[in-house]
Each structure stands twice: as structure tokens, then as C-alpha cells.
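Analysis of the macromolecular model
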Amino acid sequence: MRLIVSEAAFDPGFEVNDFTAKPVGAGAIVSFTGLVRGDGSASGMMIEHYPGMTEKAISAIMDQARLRWNLLDSLVIHRFGKLAVGEPIMMVAVAGIHRSEAFQAADFLMDYLKSRAPFWKKEIGADRAEWVASKPADEAALKRW
Amino acid sequence: MRLIVSEAAFDPGFEVNDFTAKPVGAGAIVSFTGLVRGDGSASGMMIEHYPGMTEKAISAIMDQARLRWNLLDSLVIHRFGKLAVGEPIMMVAVAGIHRSEAFQAADFLMDYLKSRAPFWKKEIGADRAEWVASKPADEAALKRW
Amino acid sequence: MIDVLYFAWVRERIGLPRETVETGAETVSGLIAELVARDERYALAFSDLASLRVALDQELAGFDAPLKGVREVAFFPPMTGG
Amino acid sequence: MIDVLYFAWVRERIGLPRETVETGAETVSGLIAELVARDERYALAFSDLASLRVALDQELAGFDAPLKGVREVAFFPPMTGG
């Protein structure tokens, strides 16, 4: 299990290879990469977080996933600070024996990270900056698990 | 949309980065990499396929996924021939606007590739070589879609 | 003495990221009442509790949670990471 | 004249990957009956149709599918890719 909360950019391909090389006996690696979308006039994003709680909350979510799906390994990277459109915001990777558990665990991690890890996004446009509102669908997604 | 059916090894990290760089407006990239597991005494795997039908079948599956989830891009790589334990067998990547459609599309592609693309795996051990039997669960998984 | 932290638009409305507060409040709600009584910035930040979340010592909690033994309270909008 | 392809253990049991067959069979089942009548290797390969799949011109089909116009028939076990 590895968790990185950092302002620094990361290289999703490097992380996928590094992660894939480690777990012995894995048959299935699922990765998710979230990118800054740049809807409308947005030129980038500012991500605020709660140092300390962020690490605790994500570690707890990763522990849950590991036990529930018997994962061989998992990785979460989440950035904060200023990001440009197209940049990777975050990444999740899980290694399982079979594909269905790997897909479920990655999907679960994303749902929980979205609504339970203390990050807040602010969309930056040419002449405006607006906090992204949470979506009822994101909170509802947690009920799937 | 890109499909590669090849005997040659591929680099999952390179492919993830190459894929991630392309689709404009993507917010979510999901990738799946399947590895040779090496259960028990297996030292590797031999994968046979049906040239011609393989490409047709996978293209049809990719078309279905693209329309159903409005994907921005998708990638399938599948190897055939001799593979050692730990080597990547295949990879799927999809780019969507939102995470839930990207997860669903990748999961769908994997289920259909597993049971509808003409590949057959033979597990190679020290003193035996056995065709991998299809699992009823794999056929049943198609009913989810 | 308790550390009170604010994030995202809560921080912006109140105008500071954290402060140390002397309080006799027994619950989060009691603390909010004291803060709101201070001035308009707090009143504005806490005007709609349904759009706020609270964490006690870095764990999500409810507004009726007791403050006894708590060293750090944080107020923020629903999370939007991932 | 029709090309008949065999894959995986079907290929191994029959002992060849493909052959061209002169047949008057109207359906896949009819073709299988002709092949089985040839010798034991075919009889063995086709002994359990439930564990076999067939493709006509590279599209999955049923055993009762007509052969009219078909140029390529393939027999193989259920797929195990991915």
C-alpha cells in the first residue's frame, strides 16, 4: 500500500509500471487517472486539502478496500495546489488476482476518495474562480458499497 | 480507437501515457492490465488466436462500448504466442468525461474480450501443458450488460 | 482552548484558515452558536449548516457531537476531490 | 468447397489447423456429421458439442446455422482471452 499526497506533478505511466512490477501473483491491475477537464472557460484548478486528515482518511479507505477485496497491493496519488487543464489530478491503482475484484476495488476507492477525502476544488477561469459544488450523485454512489 | 493484436511485448506505462495525452476533454482514464499469473507450477502461457476474426470481434466490442458510454477514446492491446509469468497479456484503456462511465466501459470491454474474442490460453508447466478451461462465471458476467 | 480550522469557501468567508478559540461549548452546535454571535462573517459562513461538514480531531462528525477532549475542530463544505 | 479451421484442443485432436473440405452439408451439424464419419480423431474432437463453439466467416453461429454462401467455418472451445 502506498499513498502520496503532494503538490508535485506525477507521471501516470511511470507509476503504472512501477506498481505493476511489484505484486507477486497479480493477474489484474486496474488504474484510474483523473484529469483536469477544463469545462467552458476554465483554464485550471486550485485544490485545497486538509493536511493530516487527508492522509488519515485515505489510509482508512485503502484499508477497507484491501480487506474487502483481498487486494495484493494498492496505490493512491492525489495532488493539491494549482493544476492546469489536462494535468493529472490523481490516480488510483489496485492489483488483484482476478479482474472483477480489481475493478470493484478501484471503483470503490474512487467513490470514497471523491466524497470522503478532504479535498476541495476551485475552478479557475479567465475572470472568475469558483468552488466546485459537490454532486448529489457522488454522495449517492457511496450507497452502492 | 486503437486496437493492437500482436506477438510483441508492450509497455503498459508507455501506453497509458500515450493514451492519456490524446483525448481532449477527458476527465477520467481507466486502464486494465492482465498479467500471466503463474498458478501452481505454471512457468508461462501460450496464447493461440484466430487471425482476422480476432480483429473483427474486438472492433465490434469496442464500437459497442464507444456508443453506449460516449467514450472519447479507447485502446485494446492483446498479445498472442508465448508469455512468461508476470508478463502483461493484454491491456484495455478508456477515456471518458466522468469516472463512472469510464469504469463501466472498461469493465464491459474486459467481460466481452474474455468470452467473445477468439483467444485460447494454454498454461505451460515444467512437465505439462493444459488448455485453460473457460469459467461459467465469465459467460455469466456478460448478462450484467 | 480548541483549534478551529476552516477550509475552502468557509475559510474565505471567515477570512482566516485557523484560530484558537476559548470556548465553554459542549457540542459542535454550541461552538457554532458562539462563533455566529461574534460577527457577520461567521454568521454568513454558518448560515446553511446543510452545506457544511465538520471534523473533530480529523474524523467526520455530526453537529451534535460533544467537544469534550477534542483538540481540533474543522469546518468545510462537502468534499470534492478525486 | 469450404475452408474448415480448428483451434486450441480441437486443432490438436484433429491434428491439423485447417483444411479445405468438399461438402454437401446444408448446416454446421451436417458438416460435423460428415467429419465425424471420417475417422476417430474427428469423432473425438466433436464428441461433446456443448464444449465447442463455431464461427461462420468469422462470426459466432449456432450448430443449426445454414452453410449456404459460407466460405470459412471454424471450430474451437469457448474463448479464454483477456
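This section reports on the structure supplied with the text.

Before going further, it helps to spend a moment on the interface of chain C and chain A. If you look at the interface, chain C gives 21 residues, while chain A gives 25 residues. For the pair chain C and chain A, the summed buried area comes to about 1,900 Å², and 57% of that belongs to carbon and sulfur atoms. If you look at where chain C meets chain A, you find 2 salt bridges. Note that Arg11(C) is salt-bridged to Glu48(A), the shortest N-O span being 2.4 Å.

Okay, the sheet that holds strand S5 (residues 81-84) of chain A next. Residues and elements named next belong to chain A. Spatial strand order, S5-S3-S7-S8: 4 strands in an open sheet with antiparallel pairing. Bordering the open sheet on either side are S5 and strand S8 (129-131), each of which pairs with just one other strand. Averaged over all pairs of adjacent strands, the angle between strand axes in this sheet comes to 25°, irrespective of strand direction. Across 7 bridges, the pairing between strand S3 (residues 42-49) and strand S7 (residues 119-125) is antiparallel. Pairing of isoleucine 47 across the sheet is with lysine 121, part of S7.

Taken N-terminus to C-terminus, the directions of helix H3 (residues 99-116) of chain A and helix H3 (residues 99-116) of chain B make an angle of 180°; their axes are 11 Å apart at the nearest point. Classified by the angle their axes make, H3(A) and H3(B) are roughly antiparallel. Listed contacts from H3(B) to Arg99(A), Phe103(A), Ala106(A), Asp107(A), Met110(A), Asp111(A) and Lys114(A) of H3(A) are Arg99(B), Phe103(B), Ala106(B), Asp107(B), Met110(B), Asp111(B) and Lys114(B).

It is worth spelling out the nonpolar core at this point. Of all hydrophobic cores here, the largest spans 64 residues; its most connected members are Val30(A), Val92(A), Val94(A), Val30(B), Val92(B) and Val94(B). In contact with Val30(B), other than residues within four places in its own chain, are Val30(A), Ser31(A), Phe32(A), Phe103(A), Val92(B), Ala93(B), Val94(B), Ala102(B), Phe103(B) and Ala106(B).

Here the focus is helix H2 (residues 28-38) of chain C. All names here are of chain C. Every buried residue belonging to H2 is among Val28, Leu31, Ile32 and Leu35, and all of these are buried. The buried residues of H2 occupy one face: seen down the axis, they fall within an arc of 100°. Buried residues along H2 sit in contact with strand S1 (2-6), strand S2 (18-21), helix H3 (40-45), strand S3 (53-56) and strand S5 (72-76).

Right, let's get into the pattern of salt bridges. Under the defined criterion, the tally for this structure stands at 34 salt bridges over all chains. Here Lys22(B) ties to Asp18(B) by a salt bridge, and the two come within 3.1 Å at their closest N and O atoms. A relative accessible area of 47% places Lys22(B) in the partly exposed class. Linking Glu19(C) and Arg38(C) is a salt bridge whose minimum nitrogen-to-oxygen distance equals 2.9 Å. Residue Glu19(C) is located in strand S2, and its partner Arg38(C) is located in helix H2; the two are separated by 19 residues in the primary sequence. Note on Arg38(C): relative accessible area 41%, which makes it partly exposed. Residues participating in the shared-partner salt-bridge network are Arg99(A), Asp107(B), Asp111(B), Asp138(B) and Arg144(B).

Moving on, we get to unusual backbone geometry. You will see that Asn70(B), though not glycine, has its phi angle at about 55°, which is positive. If you trace the backbone, Asn70(B) turns up in the loop between helix H2 (53-69) and strand S4 (73-79). A relative accessible area of 54% means that Asn70(B) is categorised as exposed. A positive phi angle is found at Gln58(C), which is not glycine, with a value near 70°. Along the chain, Gln58(C) turns up in the loop between S3 and strand S4 (59-61). By relative accessible area, Gln58(C) is classed as buried at 16%.

Parameters and conventions
Residues numbered from 1 in each chain as written. Chains lettered and ligands numbered in written order. Predicted model: local features only at pLDDT ≥ 70, side-chain atom pairs only at ≥ 80, totals over all residues. Heavy atoms only, no water. Contact = heavy atoms within 4.5 Å. Buried area = accessible area lost by both parts, 1.4 Å probe. Salt bridge = Lys/Arg side-chain N within 4 Å of Asp/Glu carboxyl O. Pairing = 2+ DSSP bridges. Helix = DSSP H or I, 4+ residues; strand = E, 2+ residues; numbered from the N terminus. Axes fitted to C-alpha atoms, helices over the stretch in contact; angles between N-to-C directions. Parallel < 35°, antiparallel > 145°, perpendicular 65-115°, else oblique. Core = buried A, V, L, I, M, F, W, Y, C linked by side-chain atoms within 4.5 Å. Buried < 20%, exposed > 50% of the residue type's maximum accessible area, 1.4 Å probe, protein only. Arc of directions from axis to C-beta.

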